[in-house]
Structures are given as structure tokens and as C-alpha cells.
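Chain by chain, the residues run as shown.
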Amino acid sequence: MKRNKVIAGNWKLHKSNTEAQQLANQIKIRSTDIKNTDIILCPPFTALTVIYDVVKDSAIGLGAQNMYWEKSGAFTGEINAEMIKSTGAGYVIIGHSERRQYFAETDETVNKKIKAALDEGLKPIVCVGESLDQRETGITAQIIETQVTGALAGLNEQQMAEIIIAYEPVWAIGTGKTASPEQAQEVHAQIRSLVNKQFGDAVSENIRIQYGGSVKAENAEILLSQPDIDGALVGGACLKAETFLPIIQAAEKL
Ligand code: PEP
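Note that the structure is predicted; figures quoted are calculated from it, not measured.

Rules and cut-offs
Residues numbered from 1 in each chain as written. Predicted model: local features only at pLDDT ≥ 70, side-chain atom pairs only at ≥ 80, totals over all residues. Heavy atoms only, no water. Axes fitted to C-alpha atoms, helices over the stretch in contact; angles between N-to-C directions. Helix = DSSP H or I, 4+ residues; strand = E, 2+ residues; numbered from the N terminus. Parallel < 35°, antiparallel > 145°, perpendicular 65-115°, else oblique. Left-handed = near helix turned anticlockwise from the far one by under 90°. Contact = heavy atoms within 4.5 Å. Near = heavy atom within 4 Å. Polar contact = N/O pair within 3.5 Å; in protein donor to acceptor, adjacent residues only side chain to side chain. Areas by Shrake-Rupley, 256 points an atom, 1.4 Å probe, with all protein chains shown as cover. Nonpolar A, V, L, I, M, F, W, Y, C, P; charged D, E, K, R; others polar. Buried < 20%, exposed > 50% of the residue type's maximum accessible area, 1.4 Å probe, protein only. Arc of directions from axis to C-beta.

Colleague: Just checking my understanding: could you explain the packing of helix H7 (residues 140-152) against helix H9 (residues 181-199) for this structure?
Modeller: Two quantities define a packed helix pair, namely the angle between the axes and the distance from one axis to the other. Orientation of H7 relative to H9, taken along the N-to-C sense of each, is 40°, at an axis distance of 10 Å. Taken together, the axis directions place H7 and H9 in an arrangement best described as oblique. When you trace H7 past H9, the crossing you get is right-handed. Across the interface between the two elements, Thr140, Ala141, Ile144, Glu145, Val148, Thr149 and Leu152 of H7 pack against Val187, Gln190, Ile191, Leu194, Val195, Lys197, Gln198 and Phe199 of H9.

What follows is the structure in C-alpha cells.
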């Protein structure tokens, strides 16, 4: 089954609007030869409209890094799916481990956010992954199962067609440590089989599962050539065109 690769850049808490515009411009200009790989930029909320203006006439997608599930109300500082959609963005990262760790997100809130995003026509990039402690105690598979089934609870096959899953072992995010291709492939295959159990063959064969955790030019090709790895969610290396583009090019070659 050939699935187009999808490379997303999670800019986290980086880039003023001027810097964001420059980076998006460089990526756009230097990726015009990319035809089979989807590129998604996920800047801070404040840069979404600025970047939309840069990418709107290209194939580059735009995503937010988080959202709240309520549609409106007294929730100071929160942003809803409709607001994100109104910037021109089509995607939203949900349940990143930094949100789970620092902002108390749970499988239940992740599930609510996914449903609210889908209701508004946004495509969720749903993050799952075990901590170092969980890997070392041998409970990775159990944690992944809980997170995946919790995140996807109550969704239907049609909604699943809009979802990307990102497997991001917490111990590999921003640490320079990457899961080996075998370690990553094992979890990706498990995620695909969990999706298969819940939603059947068509959904599990089509769903794209990204790997995230210190992906860079040097390890992109070997990771992306694993059978169940359909792309990358990139943190550190997406902040410069020189380090992000080689990852996109590695995906395009496969
Ligand atoms: C991320 O934040 O999703 C991520 C994978 O970061 P990094 O590439 O820096 O490990």
C-alpha cells in the first residue's frame, strides 16, 4: 500500500511574525519540486494568518499546535477550531506530549479536541508516545494502546480518513536520541493494527502514521523507509529551511 508521505514542522514556541514569514517563504520557494510529499507548517497561533498568506497559492498545508474543544465562552486565552479554520489552516496538532506533560492534557481531553476539530473540518495530527520510564519498564505497547484507543474513542470510519497519527516517543523529543528504525516500526505496526481492530482494513491501510523524535537529515531516510512510517513530525530541525528541506527531500525520494 503506497501512502503519500507527510512531513509536518512543529515550530513550538518559536518565531516572531517577521521570522515566520521569512521561514515559510524560504520553504515555499525551495520546495516547488516536491510533488508526492505533503508538507504542513505548524507555527504559533499568532503567525497562522501571516503564513497562510505565504502558502495559500502553494501545496503547503498549515496547522495550529493546539486548540480548545469548546466553541465559545469564558475560557481566557483559549482558541477554538473555528478560529483556527478562519486563518486558512487545515490541520491541528492534538495531544503533543509537551501539552500532556506541561498542560495536563489527558486521553479524554485529547478525544474531545479531536471531535471538536473534526466537527469544524480541521484535520487532527494526533500525538501518542511513551516516556523513557514507561519504555524501560516494558509497558510501551500498553501505553500506546491506551492512548490510541482513548484518542480515537467514538470516531467513525469517515472521520478516521481525516486523521494523521504521530508516534513520538517522549524520550526522543528534543533530546537528540532517536528511536531506532526497528523500535519505531514496531510501534507504528502496533498502532496500525489497533486502528485495524477498531475501524477495519480500509481505514488502517490508508491512515498515515508519522514518526517524531529528533528527526533530522541524517536519520530521515532510514526511518521513512520503514513500511509503516508514513512521514515525520519534526521539531528542532523544522526551524531552519536548511535543516527542514532535506527531510522533505528524503521523503520525496522514497
Ligand atoms: C516534536 O516536538 O514533535 C518533535 C518531534 O521535536 P524534535 O524533532 O525536536 O525532537
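Colleague: Which parts of the structure should I look at to understand the site of the ligand?
Modeller: As a matter of local geometry, the ligand sits amid 14 residues, with Lys12, Glu168, Gly174, Ser214 and Gly236 nearest to it. Glycine 174 is positioned such that a nitrogen or oxygen atom in its backbone is 2.7 Å from an oxygen atom of the ligand. Considering the ligand on its own, with 290 Å² of exposed area, one finds that the protein chains cover 95% of that surface. For the shell around the ligand, the residue count by class is four nonpolar, eight polar and two charged.

Colleague: Before we go on, may I ask you to explain helix H2 (residues 48-55) in this structure?
Modeller: Each α-helix turn comprises 3.6 residues. Residues three or four places apart therefore point the same way. Listing the buried residues of H2 in full gives Leu48, Val50, Ile51, Val54 and Val55. Viewed end-on, H2 has its buried residues packed into an arc of 160°, placing them on one side of the element.

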